[in-house]
Structure formats: structure tokens, C-alpha cells
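Given next are the chains, with one letter for each unit.
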Amino acid sequence: MTELTSISAGFATIGQGAGPMMVTWKAGLFEKHGLAIDRPRIMGGAKGVVRGLMSGEIQFGNMAAPAPFRANLKGEADLVFLTGGINQQFIIGRPGIYSREELAGKKIGFVGDGGLNDALVKFIIEKLDAAGIKGLREESIAPGGAAELEALLSAKVDAVVGTPPESIDAHRKGCQYLIDFAEYGLNYALGGITARRDYVERNPEIVRKFVKAYVEGMHRYRTDREFTIDVQAEYSGIADRTIAEETYNLTQPGMPRVPYPVVSSLQMLLDFMAKELREAKPANANQFVDDRFIRELEENGFIASLSNRSE
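Residues numbered from 1 in each chain as written. Predicted model: local features only at pLDDT ≥ 70, side-chain atom pairs only at ≥ 80, totals over all residues. Heavy atoms only, no water.

Colleague: Break down the packing of helix H4 (residues 66-73) against helix H12 (residues 263-273) for me, with residues and values.
Modeller: It is the contact of H4 with H12, at a shortest axis distance of 11 Å, that shows an interaxial angle of 60 degrees. As summarised for this structure, H4 and H12 are arranged oblique, according to the angle between their axes. Viewed along their axes, H4 and H12 form a crossing whose handedness is right-handed. Counting all contacts with H4, which are made through Pro66, Phe69, Arg70 and Leu73, the residues of H12 involved are Leu266, Leu269, Leu270 and Met273. (Axes fitted to C-alpha atoms, helices over the stretch in contact; angles between N-to-C directions. Helix = DSSP H or I, 4+ residues; strand = E, 2+ residues; numbered from the N terminus. Parallel < 35°, antiparallel > 145°, perpendicular 65-115°, else oblique. Left-handed = near helix turned anticlockwise from the far one by under 90°. Contact = heavy atoms within 4.5 Å.)

Colleague: Tell me about empty space enclosed by the protein, residues and numbers included.
Modeller: Counted by the stated rule, this structure contains one cavity of 30 Å³ or more. Considered as a void within the structure, the largest cavity measures approximately 50 Å³ in volume. Along its surface, the largest cavity is lined by Ala119, Leu120, Phe123, Leu186, Leu190, Met268, Leu269 and Phe272. Contributions of two or more residues to the lining of the largest cavity are made by helix H5 (116-130) and H12. (1 Å grid on protein atoms, 1.4 Å probe; cavity = no way out; pocket = protein on both sides within 12 Å on 5 of 7 lines; lining within 4 Å. Points joined across faces, edges and corners; volume = space filled by probe spheres on them.)

Colleague: Could you give an account of the pairing of strand E10 (residues 159-162), naming the residues involved and the relevant values?
Modeller: Burial of E10 is two-sided: the residues Ala159 and Val161 facing one way and the residues Val160 and Gly162 facing the other way are all buried. As paired strands, strand E7 (residues 90-93) and E10 are joined by four bridges and run antiparallel to one another. Among the inter-strand pairings, Ile92 is bridged to a residue of E10, identified as Val160. (Buried < 20%, exposed > 50% of the residue type's maximum accessible area, 1.4 Å probe, protein only. Pairing = 2+ DSSP bridges.)

Colleague: Go over unusual backbone geometry, please, and point to the residues and values.
Modeller: A cis geometry characterises the amide bond from Pro164 onward to Pro165, with omega recorded as 5 degrees. As for its placement among the helices and strands, Pro165 is situated in the loop between E10 and helix H7 (166-172). If you check the backbone angles, Tyr188 has positive phi at about 55 degrees while not being a glycine. Mapped onto the elements of the fold, Tyr188 is located in the loop between strand E11 (176-180) and strand E12 (191-196). Exposure remark for Tyr188: the relative accessible area of 12% places this residue in the buried category.

Colleague: Account for the packing of aromatic side chains, with residues named and values stated.
Modeller: Inspection of the entire model under this criterion finds 12 aromatic pairs. With 6.2 Å between their ring centres and 85 degrees between their planes, Phe69 and Phe81 make a pair best called edge-to-face. Highlighted residues: Phe69 in helix H4 and Phe81 in strand E6 (residues 79-81), separated in sequence by 12 residues. A relative accessible area of 2% places Phe81 in the buried class. Relative to Tyr177, the ring of Phe90 has its centre 4.8 Å away and its plane inclined at 70 degrees; by these criteria the two rings are edge-to-face. Residue Phe90 is located in strand E7, and its partner Tyr177 is located in strand E11; the two are separated by 87 residues in the primary sequence. Above the face of the Phe227 ring, Arg220 is positioned so that its terminal group lies 4.0 Å from the ring centre. (Phe/Tyr/Trp six-rings, centres within 6.5 Å; stacked < 30°, edge-to-face > 60°. Lys NZ or Arg CZ within 6 Å of the ring centre and 35° of its normal.)

Colleague: Got a sec to walk through the environment of Asp169? Specific residues and values, please.
Modeller: Position of Asp169 among the secondary structure elements: in helix H7. Residue classification places Asp169 among the partly exposed residues on the basis of a relative accessible area of 24%. Along the primary structure Asp169 and Tyr235 are separated by 66 residues, whereas in three dimensions their C-alpha atoms are 17 Å apart. Leaving out residues up to four positions away in the same chain, Asp169 has contacts with Leu149 and Ile243.

Colleague: So, H12: which residues are in play, and what are the values?
Modeller: Turning to H12, its buried residues are Ser265, Leu266, Gln267, Leu269, Leu270, Phe272 and Met273. Among the structural elements, H4 and H5 are those in contact with the buried residues of H12.

Colleague: Before we move on, could you go through the side chain of Asp290 and cite the residues and values that matter?
Modeller: By the element assignment, Asp290 lies in the loop between H12 and helix H13 (292-299). We classify Asp290 as buried; its relative accessible area is 13%. At 2.9 Å, the side chain of Asp290 and the side chain of Arg292 are in polar contact. The residues touching Asp290, leaving out its near neighbours within four places in the chain, are Val80, Phe81, Leu82, Val200 and Glu201. (Polar contact = N/O pair within 3.5 Å; in protein donor to acceptor, adjacent residues only side chain to side chain.)

Colleague: Which residues make up the packing of helix H1 (residues 19-26) against helix H9 (residues 204-223), and what values go with them?
Modeller: Running from N to C, H1 and H9 cross one another at 100 degrees; their axes reach a closest spacing of 8 Å. By the angle between their directions, the pair H1 and H9 is classed as roughly perpendicular. Facing H1, whose interface residues are Gly19, Pro20, Met21, Val23 and Thr24, H9 presents Phe210, Ala213, Tyr214, Gly217, Met218, Arg220 and Tyr221. Taken together, the residues that form the contact of H1 with H9 break down as eight nonpolar, three polar and one charged. (Nonpolar A, V, L, I, M, F, W, Y, C, P; charged D, E, K, R; others polar.)

Below, the structure is given as C-alpha cells:
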């Protein structure tokens, strides 16, 4: 029996983005491809994933791009995206607000941790302002789906950036989807699997095994609805299975078959970050991406073989 290589992995927060990693782990695919990984850890946000990667606590992390970009640009980290991931983001309005036009002069929840929420809040304020919907402003709120929902239902804020499964719960309580960030090409594009650049260079075979397992896990996610819903409900602590079902129904159709990092969208994010972070002005998203392992799997026919196997 081949000896397994022990490594650790983690993700930023409970939510749909961690789904493929948890499906991969639960299905035994890391072990199938030669890796021994204990249950992936919740790292307490993207900054926690960055710290975990840089300290060696974990070797692979799933997170959104703003935190690793910021750490890289400030010289605090040297991380690369190995794959794309799944992220769907929406602007969710409180009960009684039904259109984006009604956000003029209103308040949008702002977590203030330098993560994806903050970047998207600033992004949408600028986009709406350019479209003539003026005066949307930041209002500080606590992080986490439960806190965001409470802020909406109590009318502390008029809108938040939301993602499944929390956004589904909000919608069921009378909140409305006002904007889908897919309009701007930002869904399935602003996160994925990251690792330290020096770790990748020193351990290409381990990275190759991890990415191969993860790609097979994403395929399992896309093609095995019941298994994925079970995993989503279990790791997210969702008591109402119908929320996990709806999360799957929202997520699955747009998932890429070949999960490359989406350089064009990452560059859009960097260009936006450059408005407040001078180090981002000369940055090119390609310098934060290492997609050779995904490219190998596409070129050697592995990804096509997964599709053929499930037909």
C-alpha cells in the first residue's frame, strides 16, 4: 500500500465557497490521490487562512482574493492561486426594498476586515453612483451571516453583500436579491485554492496530487446532488435541508468544468483595490496565479475522463 503524505488544509468561513474542499475530503478523494488530510479547518476568515499558510499550520487554503492580494502587495505573504473556486455574491436588500434604485441615500453593511465583503461594498457603491444611484454609504456591522441578517431585519442597514446559504435564509425572511455580481463577471472568479509560492516550488508532486483531488471533488460536487447537499448541510450546520438544497441549486449551474483561476476578474479586483492601495497600481494578476497544475489535468485528459465516467 502506498504511504500517504500528511498535510493540512483550511478554509476561510462556513459557506458555499468551502463546498468543493469539503466534498473532496468527505468523498475520500484526497486519500485516493495519496494525501492524508484531517478534516479541513475553519480558519476564522481569509486573514486567518493567510496566517495559517504563512506559518505552515496549513499547506492549502480556500479563500477569496482580497486578503491574499493585500498581504502579497504589502510584502507580508507570497501566495498564489492554484485553482479557481465557487463564489456567488449578491446585494441583498432589507424587507421593503425591492430594487437597486431604492438604495439611493441608504446604508450598506460594511464588515471592515479587508476581505471580500469590504471590496464588494466599495465596488458596488462606485458602480451604483456611476449609474446615477447616489448616496449609498457604508455602515459598520459585525461579520457573519447571522449578524448580517439581524442588521437587515432590524433595519440597521438597508442592504448587505450576501452569499448562499445565508442569502437564502434572508430571502425567506422577506429580504430581496437586488444585484447579482455575475453582472460584473465576478461570480466563480474571486477565490479558490491558494498555497505559499515557495511551498509549491519545493513540493510540486504534493501540489499536483492536491489539485487533482480537488478537481475531482469539484466534479463530484457538480454531478452528485444528494451527496453534495448532505455534505453542505453537515459542515455548515444547516438544520433545514431545503436551504442546503437551494444552495446547491443556485451554485451548481455556473460551476466551471475546468476551474482555472479567472485572471481577468482578479485583475479587475486589483485595479479596483489600487484606488486605495498604492501597491496594487502596478500589479498584474498573473503574478499571483500558478495554473500549471490545472492546465496539466486538462491537457492530459484527466478532466475529460471525469465527464466521460459520469455519463
